[in-house]
Amino acid sequence: MIKKAIIPAAGLGTRFRPITKTFPKEMLPIIDKPCLEYIIEEAAASGIEEIILIISDKKAMIKEYFGNIFEYQGKMIRIGYAYQEEQKGLGHAVLMTKDLIGNNAFACLLGDDMFVSKTPALKQLIDVYENNNGTILGTIAIDKSDSNKYGICDPLDGESGKVLRLKGVIEKPDPKDAPSNLAISGRYILIPSIFKYLETQTAGALNEIQLTDAILRQMSEVRAYAYKIDGKRYDIGKKDGFVEATVHFGLSRDIVSKEDVKKMLKK
Ligand code: G1P
């Protein structure tokens, strides 16, 4: 059973300047709620009972807003905090939660990837984990020409279907070196021995300590699988993806009139 989730939210948000000079990108609103709240709701809807937000001193607003309890459909989700004061990469951010995780597999959700799906994206991964003990990487199919923006999965020969056992993962390869078009898309089930590998992980792509590199080394003792997430993904780390998500929720959340938004867009 996966009950804990971590959400890295200490990054500098350089792709979203200028607002992120002083404002945490995770708190940017999609209509009336911060994007981080949509991600927390996905975790809660997937059965997560405790969430650890990885923040920095510059992101105090996140703690002010969420506090220590998040109520979701009558359930109380505990919110804890870990701090990453030096931005050394995603792998380093995850390492900051080591003392809060314990011995059970846990989930990791990245706030730049937002999914709209019938079954919450994270719940899909949790279901896959129940039948496949190991690291589960939520993926989407991309154009290979975009491979240098993602961690790319390398399935074992002969694997087919929705869940693929992997022989490797590689962070931000050039398109010519990408082993497939399956890109890691911000949802993970991780096995706690990952911390052992993160502790000794040296910098990789972009000179950052990459989670993908530690997952690759951990594959010597823990199986890893890629799972293609069912649903529509919005890349809200990009400005155009953010606008797209705003339009989507403007047309689907009942706090605004769908008809009015449609008319406005047509006009
Ligand atoms: C991170 C991960 C990468 C993954 C991506 C998904 O990269 O390192 O493996 O594919 O998120 O959004 P970033 O977007 O932080 O460069």
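Residues numbered from 1 in each chain as written. Predicted model: local features only at pLDDT ≥ 70, side-chain atom pairs only at ≥ 80, totals over all residues. Heavy atoms only, no water.

Peer 1: How should I be thinking about the site of the ligand in this particular structure?
Peer 2: Around the ligand, the neighbouring residues are L90, L110, D113, Y150, G151, E171, K172, I184, G186, Y188, Q210 and T212. Within the contact set of the ligand, an oxygen atom lies 2.8 Å away from a side-chain nitrogen or oxygen of D113. Here an oxygen atom of the ligand and a side-chain polar atom of E171 are 2.7 Å apart. Look at the ligand: alone it shows 380 Å² of surface, and the protein chains cover 81% of it. Top contributing element to the shell around the ligand by residue count: strand β12 (residues 182–190), with three residues. Considering only residue class, the shell around the ligand consists of five nonpolar, four polar and three charged. (Near = heavy atom within 4 Å. Polar contact = N/O pair within 3.5 Å; in protein donor to acceptor, adjacent residues only side chain to side chain. Areas by Shrake-Rupley, 256 points an atom, 1.4 Å probe, with all protein chains shown as cover. Helix = DSSP H or I, 4+ residues; strand = E, 2+ residues; numbered from the N terminus. Nonpolar A, V, L, I, M, F, W, Y, C, P; charged D, E, K, R; others polar.)

Peer 1: Is there a simple way to think about the nonpolar core in this case?
Peer 2: Among the nonpolar cores identified, the biggest contains 44 residues, and I40, I48, I51, L53, I62, F66 and I189 are the most heavily contacted of them. Apart from residues no more than four positions distant in its own chain, I51 is found in contact with A5, I7, I40, A43, I77, R78, I79 and G80. Membership of the second largest hydrophobic core comes to 30 residues, among which are I52, A93, V169 and M219. (Core = buried A, V, L, I, M, F, W, Y, C linked by side-chain atoms within 4.5 Å. Buried < 20%, exposed > 50% of the residue type's maximum accessible area, 1.4 Å probe, protein only. Contact = heavy atoms within 4.5 Å.)

Peer 1: Is there a simple way to explain helix α7 (residues 211–218) in this structure?
Peer 2: An α-helical segment advances 3.6 residues per turn. Residues three or four places apart therefore align on the same side. Taken across its eight residues, α7 has six buried, putting it largely inside the fold. Taken together, the buried positions of α7 are L211, T212, D213, A214, I215 and Q218. Buried residues belonging to α7 abut α3 (90–95), β9 (135–141), β10 (151–155), β11 (163–171), β12 and α6 (194–199).

Peer 1: Would you take a moment to explain the layout of surface pockets for this structure?
Peer 2: Gaps left between atoms are located by rolling a probe of water-molecule size over the structure's atoms. Put simply, the largest pocket is a space of about 1,100 Å³. Along the wall of the largest pocket there are 44 residues; nearest its centre are R15, K25, L90, L110 and D112. Counting only elements with at least two residues in the lining of the largest pocket, the list comes to α1 (35–45), α3, β12 and β14 (232–235). Of the residues assigned to the lining of the largest pocket, the class counts are 18 nonpolar, 13 polar and 13 charged. Taken as a whole, the second largest pocket spans an internal volume of roughly 280 Å³. Contributing to the lining of the second largest pocket are 15 residues, with Y38, E41, E42, F115 and F249 lying nearest its centre. (1 Å grid on protein atoms, 1.4 Å probe; cavity = no way out; pocket = protein on both sides within 12 Å on 5 of 7 lines; lining within 4 Å. Points joined across faces, edges and corners; volume = space filled by probe spheres on them.)

Peer 1: Looking at this model, I keep getting lost on the pairing of strand β13 (residues 224–228). Mind explaining?
Peer 2: Successive side chains on a regular strand alternate, one facing one side of the sheet and the next facing the other. Burial within β13 is extensive, with four of its five residues counted as buried. Pairing between β9 and β13: five bridges, direction parallel. When the sheet's bridge partners are listed, T139 is paired in β13 with K228. In this structure, β11 lies alongside β13, joined through three bridges in antiparallel fashion. (Pairing = 2+ DSSP bridges.)

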